[in-house]
Amino acid sequence: QVQVVESGGGLVQPGGSLRLSCAASGRFNSFYYMGWYRQAPGKQRELVAIIAPNGSTQYGDFVKGRFTTSANRSRNAVTLQMNNLEPEDTAVYYCKAIVHVGVEFWGQGTQVTVSS
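Residues numbered from 1 in each chain as written. Predicted model: local features only at pLDDT ≥ 70, side-chain atom pairs only at ≥ 80, totals over all residues. Heavy atoms only, no water.

Asker: Mind showing me how you'd approach the side chain of R66 here?
Answerer: Along the polypeptide, R66 turns up in the loop between β6 (57-59) and β7 (67-72). The contacts of R66, once residues within four sequence positions are left out, are Q81, M82, N83, N84, L85, E86 and D89. (Helix = DSSP H or I, 4+ residues; strand = E, 2+ residues; numbered from the N terminus. Contact = heavy atoms within 4.5 Å.)

Put into structure tokens, the structure is as follows:
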């Protein structure tokens, strides 16, 4: 079994920054892909950022250069640095670890609220 735990959410004012962290642990060697998704009330879950085995990254169109994800593969951890946050970024942010093709695990999510 693999456990995925996110941290770092909270309340921030528009234009502010937050840094989310995610760590995966359990019976696996290293993650294959690791990504961030978010889900706002009444909306579908959407991709925020994902990091591939070769270190390349992909972001949702709405990111527009505001967010950066990075990985520490030795610790099976990733971070998501979010800058210039907007009220529309308010959502529950989830981390997903893909440890093998077709084998993925989700965290419980961390709430991010952007409000003045």
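Asker: Whenever I open this one, the packing of aromatic side chains confuses me. Can you help?
Answerer: Centre-to-centre distance and the angle between the planes together describe a pair of aromatic rings. Scanning all chains against the criterion turns up three aromatic pairs. Note on Y32 and Y33: the rings are 4.9 Å apart at their centroids and 90° apart in plane angle, and the pair reads as edge-to-face. Relative accessible area serves as the criterion here: at 28%, Y33 is assigned to the partly exposed category. Judged by centre distance (6.4 Å) and plane angle (85°), the rings of Y94 and W106 are edge-to-face. Pair noted here: Y94 is in strand β9 (residues 91-100) and W106 is in strand β10 (residues 103-106), with a separation of 12 residues, a long-range link. Judged by its relative accessible area of 14%, Y94 is buried. Cluster of aromatic residues (ring-pair linked, three or more members): Y37, Y94 and W106. Directly above the ring of Y94 sits R45, whose terminal nitrogen or CZ lies 3.8 Å from the centroid. (Phe/Tyr/Trp six-rings, centres within 6.5 Å; stacked < 30°, edge-to-face > 60°. Buried < 20%, exposed > 50% of the residue type's maximum accessible area, 1.4 Å probe, protein only. Lys NZ or Arg CZ within 6 Å of the ring centre and 35° of its normal.)

Asker: Whenever I open this one, the sheet that holds strand β1 (residues 2-7) confuses me. Can you help?
Answerer: Pairing between sheet strands relies on hydrogen bonds along the backbone, with the strands arranged either parallel or antiparallel. The antiparallel open sheet is built from four strands, whose spatial order is β1-β3-β8-β7. A strand with exactly one partner marks an edge of an open sheet, and here the two such strands are β1 and β7. On average, adjacent strands in this sheet sit at an angle of 15° to one another, irrespective of strand direction. Judged from the six bridges that link them, strand β3 (residues 18-26) and strand β8 (residues 77-82) form a sheet pairing that is antiparallel. Within β8, the residue paired with C22 across the bridge is V78. (Pairing = 2+ DSSP bridges. Axes fitted to C-alpha atoms, helices over the stretch in contact; angles between N-to-C directions.)

Asker: Teacher, can you tell me more about the pairing of β7 here?
Answerer: The two faces of a sheet get side chains in turn, since along a regular strand they alternate between them. Strand direction decides the pairing type here: β7 and β8, joined by six bridges, are antiparallel. Across the sheet, the residue bridging to F67 is M82, located in β8. In sequence, β7 turns back onto β8 through a hairpin of four residues, with N76 there showing a positive phi of about 50°.

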